[in-house]
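Descriptive analysis of the structure
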Amino acid sequence: MTDAPPEPPPQTRVSRALARAAAAASATVTPPVPEMPLQPLVTVAVVALAGLLTVTAFAGPAMVALAVGLSAGIIAWGWAGLLGLPSPRGTTLVLAVGSAGAIGTVLATREDPFLAWMPAALAGSMIVAFVHQLARRDGRPRLVESVASTITAIAIVVSGASLVALPRTEHGAWVVAIASAAVAVSAVTDLAGGLRRMLVWLLPLAMLAGGAAAILVGHLLGALGWGAAAFLGVLAAGVSHAVRRVLATLPAISSARSQLVSACASVLTGGVVVYVVGRLLMS
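Now for a description of the structure that goes with this document. (Residues numbered from 1 in each chain as written. Predicted model: local features only at pLDDT ≥ 70, side-chain atom pairs only at ≥ 80, totals over all residues. Heavy atoms only, no water.)

Description of the packing of aromatic side chains
Within this structure, the stated rule accounts for 0 aromatic pairs. One Lys or Arg, Arg257, reaches over the ring of Trp77 and ends 5.3 Å from the middle of that ring. (Phe/Tyr/Trp six-rings, centres within 6.5 Å; stacked < 30°, edge-to-face > 60°. Lys NZ or Arg CZ within 6 Å of the ring centre and 35° of its normal.)

Re the nonpolar core
By size, the foremost hydrophobic cluster in this structure holds 64 residues, and its most contacted members are Leu53, Ile75, Trp79, Leu232 and Val274. Not counting the four nearest positions on each side in its chain, Val274 is found in contact with Leu163, Leu166, Val175, Ala179, Leu232 and Ala236. The next biggest cluster of nonpolar side chains, apart from the first, holds 5 residues, and it includes Met36, Ala192, Leu199 and Leu202. (Core = buried A, V, L, I, M, F, W, Y, C linked by side-chain atoms within 4.5 Å. Buried < 20%, exposed > 50% of the residue type's maximum accessible area, 1.4 Å probe, protein only. Contact = heavy atoms within 4.5 Å.)

So, the environment of Leu280
Position of Leu280 relative to the elements: it lies in helix 11 (residues 271–282). A sequence separation of 52 residues divides Leu280 from Ala228, and the C-alpha atoms of the two residues are 9.9 Å apart. (Helix = DSSP H or I, 4+ residues; strand = E, 2+ residues; numbered from the N terminus.)

Section: the packing of helix 4 (residues 88–108) against helix 5 (residues 118–135)
Here helix 4 crosses helix 5 at 165 degrees, and the two axes come no closer than 9 Å. Between helix 4 and helix 5, the angle falls in the class roughly antiparallel. For the element pair helix 4 and helix 5, the recorded crossing hand is right-handed. Between helix 4 and helix 5, the residues in contact are Gly90, Thr91, Val94, Val97, Gly98, Gly101, Ala102, Thr105 and Val106 and Met118, Ala121, Ser125, Val128, Ala129 and His132, respectively. (Axes fitted to C-alpha atoms, helices over the stretch in contact; angles between N-to-C directions. Parallel < 35°, antiparallel > 145°, perpendicular 65-115°, else oblique. Left-handed = near helix turned anticlockwise from the far one by under 90°.)

Structure representation (structure tokens):
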């Protein structure tokens, strides 16, 4: 009578883990693509704000300051709700003070360099943000997240405040108009996010459309060559879309107030980029 073949030794936890790791490594993993829900209100708000900036740029720095101040006020009003931050009233107050300081500093500087006192305004706003955290009496939950989020909003407004100085430069109003056209068109391309197969291509589409719009506006105004206009438009459109794409992943983005905040943030974030590139192209 022949002996039965020996049974294979039972798998240990280590061998099972190695087997799963080998199977996972052999499989082709497709990285998830962030969703971009349809947000018509965001698109309309971005287009409206871009148009407002264009009109006010030809009216002078004071009018641009009003347009930027309106956007900063909306961000201060809804930023804490968009990110679900603790102490929303204090956050709103800090952002309001920081926005007024940044916009007022640029508006009051009438000689080049027009952003000379911008770092001081940013530093003062950060100090106010830290003082707010020290003054909280709720046990200061989520302290790091609250400070980081507040300073991020301040940085967005400070960047947007750079646009106030452009009308004081040569052809600066044209730079604002070209960049605003690119930002507005990039917001329209967000509507393609309703097609899932287009999610991967939304950023390139926004940049391509923004560059084309900038070339068209630059040609109509006779302000920039097509290469310079395309460069400015691609950068402005890319930054604007990236901000909206990041904020679109937040749970609170479904509310109208949060969508208005997203629209304003996406317009103001690229302000310092538009200022620097515009000054370089016009020099």
